[in-house]
Amino acid sequence: MMFYIIQFTYAFLSTAGFAIFFNIPRDSVIKSSFGGAISWVVYIITRNIFSSSIAGTFLAAITVGFLGEFMAKRFRKPASIFIIPGIIPLVPGAGMYYTMLAIIDKDFTGAAELGTEAIFIAITIAIGIIVSSSFSRALINQKQKKPS
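We now turn to the structure provided with this report. Just so it is clear, the structure is predicted and the values come from calculations on it, not from any experiment.

**Quick look at the overall build of the chain**
Helix and strand content of the chain: six helices and zero strands. Across the chain, helices and strands are ordered from the amino to the carboxyl terminus as α-α-α-α-α-α. Principal-axis analysis of the C-alpha atoms gives the chain an extent of 65 × 30 × 30 Å. Sorting the 148 residues of the chain into buried and exposed places 39% on the buried side. By element, 70% of the accessible surface of the chain is carried by carbon and sulfur atoms, the whole surface being about 9100 Å². The positive charge centre, built from 12 side chains, and the negative charge centre, built from 6, are 24 Å apart in the chain.

Dropping the structure here:
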(Lines give C-alpha, C1' and ligand atoms only; values in the text may rest on other atoms or scores of the structure.)
Protein backbone atom coordinates (compact mmCIF):
# COMPACT_ATOMS: atom_id res chain seq x y z
CA MET A 1 0.00 0.00 0.00
CA MET A 2 2.85 2.37 0.82
CA PHE A 3 4.25 1.80 -2.68
CA TYR A 4 1.02 3.16 -4.23
CA ILE A 5 0.99 6.18 -1.92
CA ILE A 6 4.56 7.05 -2.90
CA GLN A 7 3.79 6.58 -6.59
CA PHE A 8 0.64 8.72 -6.23
CA THR A 9 2.65 11.48 -4.53
CA TYR A 10 5.40 11.55 -7.17
CA ALA A 11 2.89 11.51 -10.01
CA PHE A 12 0.91 14.29 -8.31
CA LEU A 13 4.03 16.45 -7.97
CA SER A 14 5.23 15.85 -11.52
CA THR A 15 1.79 16.62 -12.92
CA ALA A 16 1.60 19.78 -10.80
CA GLY A 17 4.97 20.89 -12.13
CA PHE A 18 3.85 20.50 -15.72
CA ALA A 19 0.48 22.12 -14.97
CA ILE A 20 2.32 25.17 -13.68
CA PHE A 21 4.70 25.04 -16.66
CA PHE A 22 1.70 24.98 -19.04
CA ASN A 23 0.19 28.01 -17.26
CA ILE A 24 -3.14 26.44 -16.44
CA PRO A 25 -5.30 28.50 -14.05
CA ARG A 26 -4.08 28.34 -10.45
CA ASP A 27 -7.39 27.00 -9.18
CA SER A 28 -7.05 24.00 -11.52
CA VAL A 29 -3.47 22.91 -10.75
CA ILE A 30 -4.42 20.65 -7.81
CA LYS A 31 -7.40 19.20 -9.71
CA SER A 32 -5.38 18.34 -12.81
CA SER A 33 -2.57 16.96 -10.63
CA PHE A 34 -5.05 14.70 -8.90
CA GLY A 35 -6.13 13.34 -12.30
CA GLY A 36 -2.53 12.65 -13.30
CA ALA A 37 -1.79 10.89 -10.02
CA ILE A 38 -4.92 8.73 -10.23
CA SER A 39 -4.09 7.76 -13.81
CA TRP A 40 -0.56 6.76 -12.81
CA VAL A 41 -1.85 4.48 -10.05
CA VAL A 42 -4.32 2.97 -12.54
CA TYR A 43 -1.41 2.44 -14.93
CA ILE A 44 0.69 0.64 -12.31
CA ILE A 45 -2.16 -1.61 -11.19
CA THR A 46 -3.31 -2.56 -14.71
CA ARG A 47 0.26 -3.00 -15.97
CA ASN A 48 0.83 -5.52 -13.19
CA ILE A 49 -2.49 -7.30 -13.77
CA PHE A 50 -2.12 -7.61 -17.56
CA SER A 51 1.72 -7.68 -17.68
CA SER A 52 1.54 -5.09 -20.42
CA SER A 53 2.61 -1.45 -20.45
CA ILE A 54 0.35 -0.81 -23.43
CA ALA A 55 -2.79 -2.15 -21.71
CA GLY A 56 -1.92 -0.21 -18.57
CA THR A 57 -1.41 2.97 -20.57
CA PHE A 58 -4.71 2.51 -22.40
CA LEU A 59 -6.74 2.13 -19.21
CA ALA A 60 -4.86 5.00 -17.56
CA ALA A 61 -5.48 7.25 -20.58
CA ILE A 62 -9.17 6.38 -20.45
CA THR A 63 -9.12 7.31 -16.77
CA VAL A 64 -7.49 10.68 -17.53
CA GLY A 65 -10.04 11.34 -20.26
CA PHE A 66 -13.04 10.55 -18.07
CA LEU A 67 -11.66 12.53 -15.13
CA GLY A 68 -10.82 15.45 -17.41
CA GLU A 69 -14.29 15.54 -18.95
CA PHE A 70 -15.93 15.17 -15.55
CA MET A 71 -13.85 17.97 -14.03
CA ALA A 72 -14.42 20.18 -17.06
CA LYS A 73 -18.17 19.81 -16.65
CA ARG A 74 -18.03 20.16 -12.86
CA PHE A 75 -15.71 23.19 -12.71
CA ARG A 76 -16.77 24.81 -16.02
CA LYS A 77 -13.34 24.82 -17.61
CA PRO A 78 -12.01 23.32 -20.85
CA ALA A 79 -11.23 19.62 -20.57
CA SER A 80 -7.72 20.17 -21.94
CA ILE A 81 -6.80 21.96 -18.70
CA PHE A 82 -7.23 18.67 -16.87
CA ILE A 83 -6.29 16.16 -19.58
CA ILE A 84 -2.99 17.55 -20.90
CA PRO A 85 -1.16 17.71 -17.55
CA GLY A 86 -2.85 14.43 -16.55
CA ILE A 87 -1.18 12.44 -19.33
CA ILE A 88 2.34 13.62 -18.45
CA PRO A 89 3.10 10.64 -16.17
CA LEU A 90 2.07 8.27 -18.97
CA VAL A 91 4.32 9.73 -21.70
CA PRO A 92 7.00 7.16 -22.61
CA GLY A 93 10.00 9.43 -22.06
CA ALA A 94 12.22 6.68 -20.70
CA GLY A 95 11.32 4.44 -23.64
CA MET A 96 12.32 7.15 -26.10
CA TYR A 97 15.55 7.80 -24.19
CA TYR A 98 16.53 4.12 -24.16
CA THR A 99 15.68 3.86 -27.86
CA MET A 100 18.12 6.67 -28.64
CA LEU A 101 20.72 5.11 -26.33
CA ALA A 102 20.38 1.77 -28.15
CA ILE A 103 20.86 3.55 -31.49
CA ILE A 104 24.00 5.26 -30.20
CA ASP A 105 25.27 1.88 -28.96
CA LYS A 106 24.47 0.44 -32.42
CA ASP A 107 22.01 -2.05 -30.91
CA PHE A 108 19.49 -1.68 -33.69
CA THR A 109 17.41 -4.70 -32.69
CA GLY A 110 16.99 -3.35 -29.17
CA ALA A 111 16.28 0.12 -30.55
CA ALA A 112 13.57 -1.28 -32.79
CA GLU A 113 11.93 -3.12 -29.90
CA LEU A 114 12.09 -0.15 -27.51
CA GLY A 115 11.09 2.36 -30.18
CA THR A 116 8.12 0.28 -31.28
CA GLU A 117 6.87 0.01 -27.71
CA ALA A 118 7.30 3.77 -27.15
CA ILE A 119 5.36 4.53 -30.33
CA PHE A 120 2.58 2.10 -29.38
CA ILE A 121 2.35 3.68 -25.93
CA ALA A 122 2.10 7.17 -27.43
CA ILE A 123 -0.61 6.03 -29.85
CA THR A 124 -2.41 4.25 -27.01
CA ILE A 125 -2.50 7.48 -24.98
CA ALA A 126 -4.13 9.30 -27.89
CA ILE A 127 -6.67 6.52 -28.51
CA GLY A 128 -7.56 6.29 -24.81
CA ILE A 129 -8.16 10.05 -24.57
CA ILE A 130 -10.25 10.06 -27.76
CA VAL A 131 -12.36 7.08 -26.67
CA SER A 132 -13.06 8.41 -23.19
CA SER A 133 -13.72 11.98 -24.31
CA SER A 134 -16.05 10.85 -27.09
CA PHE A 135 -17.91 8.52 -24.76
CA SER A 136 -18.21 11.20 -22.07
CA ARG A 137 -19.50 13.79 -24.51
CA ALA A 138 -21.98 11.31 -25.96
CA LEU A 139 -23.31 10.63 -22.45
CA ILE A 140 -23.57 14.35 -21.73
CA ASN A 141 -25.39 14.99 -25.02
CA GLN A 142 -27.73 12.06 -24.38
CA LYS A 143 -28.48 13.38 -20.91
CA GLN A 144 -29.25 16.87 -22.28
CA LYS A 145 -31.63 15.50 -24.94
CA LYS A 146 -33.84 13.67 -22.43
CA PRO A 147 -36.95 15.64 -21.51
CA SER A 148 -37.19 16.31 -17.79
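**As for the nonpolar core**
Within the largest apolar cluster, 23 residues are counted, with the highest numbers of intra-cluster contacts made by Leu 90 and Ile 129. Where this core is concerned, the elements lending two or more residues are helix H1 (2-21), helix H2 (26-50), helix H3 (53-75), helix H4 (80-86) and helix H6 (108-145).

**Re the environment of Ser 28**
Position of Ser 28 relative to the elements: it lies in helix H2. Given a relative accessible area of 0%, Ser 28 falls into the buried group. As a C-alpha pair, Ser 28 and Ala 72 span 44 residues in sequence and 10.0 Å in three-dimensional space. Among residues more than four places away in sequence, those in contact with Ser 28 are Lys 77, Ile 81 and Phe 82.

**Structural notes on H1**
Look at H1: 29 Å from first C-alpha to last across 20 residues, which is about the 28 Å you get at 1.5 Å a residue. Turning to H1, its buried residues number three or more, namely Gln 7, Ala 11, Thr 15, Ala 16 and Ala 19. On an axial view of H1, the arc spanned by its buried residues comes to 165°, and they lie on one face. Exposed and facing more than 90 degrees away from the buried side of H1 are Met 2, Tyr 10, Leu 13, Ile 20 and Phe 21. Looking at the packing, one finds that the buried side of H1 touches H2 and H4. Just beyond H1, the residue with positive phi is Asn 23, at close to 60°.

**Concerning the pattern of salt bridges**
A full pass over the atoms with the stated rule returns two salt bridges. Here Asp 27 ties to Lys 77 by a salt bridge, and the two come within 3.4 Å at their closest N and O atoms. Here Lys 77 lies in the loop between H3 and H4 and Asp 27 lies in helix H2, a separation of 50 residues in the sequence. When its relative accessible area of 43% is taken as the criterion, Asp 27 is described as partly exposed. When its relative accessible area of 23% is taken as the criterion, Lys 77 is described as partly exposed. Here Glu 69 ties to Arg 137 by a salt bridge, and the two come within 3.4 Å at their closest N and O atoms.

**Considering the packing of H2 against H3**
One can describe the packing of H2 onto H3 by two numbers: an axis separation of 8 Å at closest approach and a directional angle of 155°. When the axis of H2 is compared with that of H3, the two are roughly antiparallel. Here H2 and H3 pass one another in a crossing that is right-handed. Across the interface between the two elements, Lys 31, Phe 34, Gly 35, Ile 38, Ser 39, Val 42, Tyr 43, Thr 46, Arg 47 and Phe 50 of H2 pack against Ser 53, Ala 55, Gly 56, Thr 57, Leu 59, Ala 60, Thr 63, Val 64, Leu 67, Met 71 and Phe 75 of H3.

The rules behind these values
- Residues numbered from 1 in each chain as written.
- Predicted model: local features only at pLDDT ≥ 70, side-chain atom pairs only at ≥ 80, totals over all residues.
- Heavy atoms only, no water.
- Helix = DSSP H or I, 4+ residues; strand = E, 2+ residues; numbered from the N terminus.
- Buried < 20%, exposed > 50% of the residue type's maximum accessible area, 1.4 Å probe, protein only.
- Areas by Shrake-Rupley, 256 points an atom, 1.4 Å probe, with all protein chains shown as cover.
- Lys, Arg positive; Asp, Glu negative; His and termini not counted.
- Charge placed at Lys NZ, Arg CZ, Asp CG, Glu CD.
- Core = buried A, V, L, I, M, F, W, Y, C linked by side-chain atoms within 4.5 Å.
- Contact = heavy atoms within 4.5 Å.
- Expected span 1.5 Å × (residues − 1).
- Arc of directions from axis to C-beta.
- Salt bridge = Lys/Arg side-chain N within 4 Å of Asp/Glu carboxyl O.
- Axes fitted to C-alpha atoms, helices over the stretch in contact; angles between N-to-C directions.
- Parallel < 35°, antiparallel > 145°, perpendicular 65-115°, else oblique.
- Left-handed = near helix turned anticlockwise from the far one by under 90°.

Honestly, that's just the spatial picture; any functional story needs more than this.
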